[in-house]
Amino acid sequence: MNAATSPTPWGSSGESSLERTPTSRREARAQEELHQSATGSAGESGDASLPEAGTLFDRALSALLILLAAFPFAAIPLGGNTNVPMSSLVAGILVLRAARHVPLLVVAALFAAIPFFSAFIRMFYDPTPLEIVPVITWVAATLALPGAAAAVIFLRHRTIAWLSWTLIGSAGYAVVQKHIFIELLNRVPFAPLYEMPGYANLLPFEETFLTYVRRPFGFFPETSFMVGTVTLMAMVLIVLLRHYGYAPGVRDWVAVGLAVWATAISGSGSAVFVLAAVVLTLLLPVALRRAWIGVLGVPAAAVGAYVVARSVLEERASSFNWSWADRGSSIQAVFKHLFETPGAFWGGMGRGRVNEEFLAGHMPTQTFTYYNEIKDIFSVTGRLVAENGFLVGGAAFLFLALLLLRSGGRIPVFYGIMHVFVWGVISGGTITYDNAFWLWGGAGVCLGLELTRKWPEKPVPDHRRIPTVEEVEAHLDRELDELNRDGADRRGGRGNRPDDHEGIEEQHAHSARGQ
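Brief notes about the overall build of the protein
Part 1: Broken down by element type, the protein carries 21 helices and 2 strands.
Part 2: Taking all 515 residues of the protein together, the buried fraction comes to 52%.
Part 3: In the form shown here, the protein has an accessible surface area of approximately 23,600 Å², with 64% of it arising from carbon and sulfur atoms.

A few points about the side chain of R353
Part 1: Looking at the element boundaries, R353 is found in helix α16 (residues 353-359).
Part 2: If near-sequence neighbours (up to four positions away) are discounted, R353 is found in contact with D126, T128 and E131.

Digging into the environment of V256
Part 1: Here V256 shows up in helix α11 (residues 250-264).
Part 2: Residue classification places V256 among the buried residues on the basis of a relative accessible area of 4%.

Brief notes about the pattern of salt bridges
Part 1: If you walk through the whole model with that rule in mind, you get 15 salt bridges.
Part 2: A salt bridge links E457 to R156, with the nearest nitrogen and oxygen atoms 3.0 Å apart. Within this pair, whereas E457 is found in the loop between α19 (437-451) and α20 (469-492), its partner R156 is found in the loop between α7 (144-155) and α8 (158-182), the two being separated by 301 residues in sequence. R156 matches E457 in its accessibility class, with the two residues each being buried.
Part 3: Among the salt bridges present, the one from E387 reaches R351, with a minimum N-O distance of 2.9 Å. With E387 in helix α17 (residues 380-406) and R351 in the loop between α15 (342-347) and α16, the pair connects residues that are 36 residues apart, well separated along the chain.
Part 4: For E387, a relative accessible area of 3% gives the class buried.
Part 5: Of the residues examined, R351 reaches a relative accessible area of 8% and is grouped as buried.

Quick word on the packing of helix α10 (residues 223-244) against helix α18 (residues 413-429)
Part 1: Put simply, α10 and α18 touch, their axes get as near as 10 Å, and they point 165° apart. On the basis of the axis angle, α10 is roughly antiparallel to α18. As for the relative orientation of α10 and α18, their crossing is left-handed in sense. Each of G228, T231, L232, M235, V236, I238, V239 and R242 in α10 lies in contact with α18, whose residues at this interface are Y415, M418, H419, V422, W423 and I426.
Part 2: Partitioning the contact of α10 with α18 into residue classes produces 10 nonpolar, 3 polar and 1 charged.

Brief notes about the packing of helix α4 (residues 102-112) against α7
Part 1: As a packed pair, α4 and α7 sit with axes 9 Å apart at the nearest point and diverge in direction by 165°. Considering their axes alone, α4 and α7 lie roughly antiparallel with respect to each other. Pair α4 / α7 crosses with left-handed handedness. The segment α4 lies against α7, with L104, V107, A108 and F111 engaging L145, P146, A149, A150 and I153.
Part 2: Per-class residue counts for the contact of α4 with α7 are 9 nonpolar, no polar and no charged.

Remarks on a nonpolar patch on the surface
Part 1: On the surface, L78, I132, V133 and I136 cluster together into a nonpolar patch covering about 340 Å² of accessible area.
Part 2: Along the chain, the position of I132 falls in helix α6 (residues 132-142).
Part 3: Accessibility expressed as a relative area gives 61% for I132, which makes it exposed.

Here we look at the nonpolar core
Part 1: Among the nonpolar cores identified, the biggest contains 114 residues, and L167, W438 and W440 are the most heavily contacted of them.
Part 2: In contact with L167, not counting residues within four places along its chain, are G172, V230, M233, A234, L237, A255, V256 and A259.
Part 3: Within the second largest apolar cluster, 13 residues are counted, among which are A333, M363, F368 and I374.

Let's talk about helix α12 (residues 271-287)
Part 1: Helix length check: α12 (17 residues) gives 23 Å between terminal C-alpha atoms against 24 Å at 1.5 Å per residue, within 8%.
Part 2: Maximum bend of α12: about 30°, positioned at L280.
Part 3: Within α12, 12 of the 17 residues are buried, leaving the element largely enclosed by the surrounding structure.
Part 4: What α12 keeps buried is the set A271, V274, L275, A277, V278, V279, T281, L282, L283, P285, V286 and A287.

Some words on the packing of aromatic side chains
In this description, an aromatic ring pair is defined by two values, namely the gap between the centres and the angle between the planes.
Part 1: Using the criterion set out here, one finds 23 aromatic pairs in the structure.
Part 2: Taking the centre distance of 4.4 Å and the plane angle of 20° together, the rings of F345 and F390 count as stacked. In this pair, F345 is assigned in helix α15 and F390 in helix α17, connecting sequence segments 45 residues apart.
Part 3: Residue F345 is classed as buried on the basis of its relative accessible area of 17%.
Part 4: Feature note: the residues F71, F73, Y173, F190, Y194, Y199, F209, F217, F219, F220, F225 and Y433 constitute an aromatic cluster, connected by ring pairs.

Details of unusual backbone geometry
A negative phi holds for most residues other than glycine; trans holds for most peptide bonds.
Part 1: Even without glycine at this site, R156 takes up a positive phi of about 55°.
Part 2: A relative accessible area of 10% means that R156 is categorised as buried.
Part 3: Residues other than glycine seldom take positive phi values, yet S407 does so here, at roughly 45°.
Part 4: Tracing the sequence through the fold places S407 in the loop between α17 and α18.

Considering the confidence of the model for the protein
Part 1: Considering every residue of the protein, the mean pLDDT works out to 83; 82% of them sit at 70 or more.
Part 2: A low-confidence stretch, residues 1-51 (pLDDT under 50), is modelled with 84 contacts involving residues beyond four sequence positions or located in other chains.
Part 3: pLDDT under 50 marks residues 495-515. Its contacts with residues more than four places away, or in other chains, come to 19 contacts.

Digging into α19
Part 1: Relative to the 21 Å expected for 15 residues at 1.5 Å per residue, α19 spans 20 Å between its end C-alpha atoms, a close match to the ideal helical length.
Part 2: Counting buried residues in α19 gives 14 out of 15 residues, a clear majority hidden from the surface.

Considering the environment of S266
Part 1: Here S266 shows up in the loop between α11 and α12.
Part 2: Residue classification places S266 among the buried residues on the basis of a relative accessible area of 0%.
Part 3: Linking S266 and M226, residues 40 residues apart in sequence, is a C-alpha distance of 8.9 Å.
Part 4: Among residues more than four places away in sequence, those in contact with S266 are R215, P216, T223, M226 and V227.

Things to note about the environment of G350
Part 1: Tracing the chain through its elements places G350 in the loop between α15 and α16.
Part 2: Among the residues examined, G350 registers a relative accessible area of 3% and is labelled buried.
Part 3: Considering only alpha carbons, one finds G350 and S118, 232 residues apart in sequence, at a separation of 7.3 Å.
Part 4: Beyond its immediate sequence surroundings of up to four residues, G350 is in contact with R122 and E387.

Rules behind the numbers
- In this numbering scheme, every chain counts its residues from 1 along its sequence in written order.
- It should be noted that, the model being predicted, local features are given only for residues of pLDDT at least 70 and side-chain atom pairs only at 80 or more, the latter also being counted only at that level, while totals for whole chains, interfaces and linings use all residues.
- Hydrogens and water molecules were not included; the side-chain quantities draw on all heavy atoms of the structure.
- Under the scheme used here, helices are H or I runs from DSSP no shorter than 4 residues and strands are E runs no shorter than 2 residues, and both carry numbers assigned from the N terminus.
- Here's how the labels work: a residue is buried when its accessible area is under 20% of the maximum for its type, exposed when over 50%, partly exposed in between, all with a 1.4 Å probe on protein chains only.
- Working definition of accessibility: Shrake-Rupley area with a 1.4 Å probe, residue cover restricted to the visible protein chains.
- Any two residues whose heavy atoms approach within 4.5 Å at even a single point are treated as in contact.
- The salt bridge definition used is simple: a Lys or Arg side-chain nitrogen within 4 Å of an Asp or Glu carboxyl oxygen.
- Axes here mean lines fitted to C-alpha atoms, for a helix over just the part in contact, with angles spanning 0 to 180 degrees between N-to-C directions.
- Here roughly perpendicular refers to angles of 65 to 115 degrees, roughly parallel to angles under 35, roughly antiparallel to angles over 145, and oblique to all remaining angles.
- Helix crossings are classified by the rotation of the near helix relative to the far one: an anticlockwise turn of less than a right angle makes the crossing left-handed, while a clockwise turn makes it right-handed.
- Here the nonpolar group is Ala, Val, Leu, Ile, Met, Phe, Trp, Tyr, Cys and Pro; Asp, Glu, Lys and Arg are the charged ones; every other residue, Gly included, is treated as polar.
- For patch detection, residues must exceed 30% relative accessible area and be free of salt bridges, and they are connected within 9 Å for like charges or within 5 Å for nonpolar side chains (Val, Leu, Ile, Met, Phe, Trp, Tyr).
- What makes a nonpolar core is a set of buried Ala, Val, Leu, Ile, Met, Phe, Trp, Tyr and Cys residues whose side-chain atoms join them at distances within 4.5 Å.
- An expected span of 1.5 Å times one less than the residue number is assigned to each helix.
- The quantity called bend is, for any residue, the angle between two axes fitted respectively to the seven residues ending at it and the seven beginning at it.
- Working definition: a ring pair exists when centres of Phe, Tyr or Trp rings (six-membered ring for Trp) sit within 6.5 Å. Plane angles under 30 degrees give stacked, over 60 give edge-to-face, the rest tilted.
- Per residue, pLDDT captures the predictor's confidence, and it can take any value from 0 to 100.

Here it is, written out as structure tokens:
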């Protein structure tokens, strides 16, 4: 019997001798027939049992959302020190286009109403009204959650390609920016682009940056924003690949590799934690199916992550490290205030009020070490809890963490744990901007995966399919049998084993004829 061609474990793009079992063949055919019959019935009779994937316009908007999510400077100034990202506007349109999916609308409405829920609690002891502009920016920022879910509903497995190419462009530019423009040419390209209310303006500090900082920031306001975004995008990409059963292709390896590269050269403190998490999340499942990756790749990745972490720590220790001190002190001061003030603990301080409390001198910063005047908390999830209290803000935090932990509900919990860990580091102590899309978009993608988890899927192409453990074991058993037969042939002096794979009896017949 001729060997069937099927993918190597976690997918090289070529063919291999790893044969599918008859059971997996039947399952694949059955799944394909189910998909064809379901789509056919939905298209011809309008069967509501299979939700439509949306129109071409919906898919184009979804792709545009993923692209805009990696370029926060595409935004509309909202007066003062505030802006609304274009990604939020596109996300809002997508949510309306996906209005037939009630759970998505419910999540969108609940998150938009979070400032009002906490205001209702404060109403009994604090008459301070809500401020309109901060509430608008909150709604705009959190639209990333239902917007990303709608994008997954419309794009399905196509989300992988769009996210992968966007990550290549975003992280790749950060690498080029560092090694070519900053190190070789000693300049920051496109400096006028980095000017938007709500973000740091690069132009007045360009010379200072090139003299002292020299850290890449890509298409983002600062290095921490860049590192947090590309690492979260990499984690979402890994989750999507595993959820849809796709082995990483060359494009996906390059995307995650560039994200790791950009993080490694960034000098960001979060690289100490997230770099190893991203690499191991991608490599460990592959190592279970490819022994050489487990023996060589995983230890090499662990050593590389250790070297990067040690380099960052040594650099921070040898220089004036005000960033970590200011960041940590702002978080500690806010939570000390919450625990000392029962009203703020349960109902929060109100949207936009944390900044005002710092400027008014009501925060206990004097007990902590800092070097610059602290005007706000340097933590998005910390701000979520501080503004809305542990009842409302804490519930929202747990809901996001649960979505990330499940990561669609169809993959091993290992991925969810690593996803929560990376998101916790980035949202808790790396990115300080509420409108950073992927702080909310990652949970949104997981929500979209949950809502489409039981929808029929088109079978994964052979060269991208992840083989089952049984298939891997069968492949290894066949290789061991072939080695044993080769050894027996050499010991019996019957020459080489024939090149075709006809079976033991025919091999012996060929060998006998050869004698």
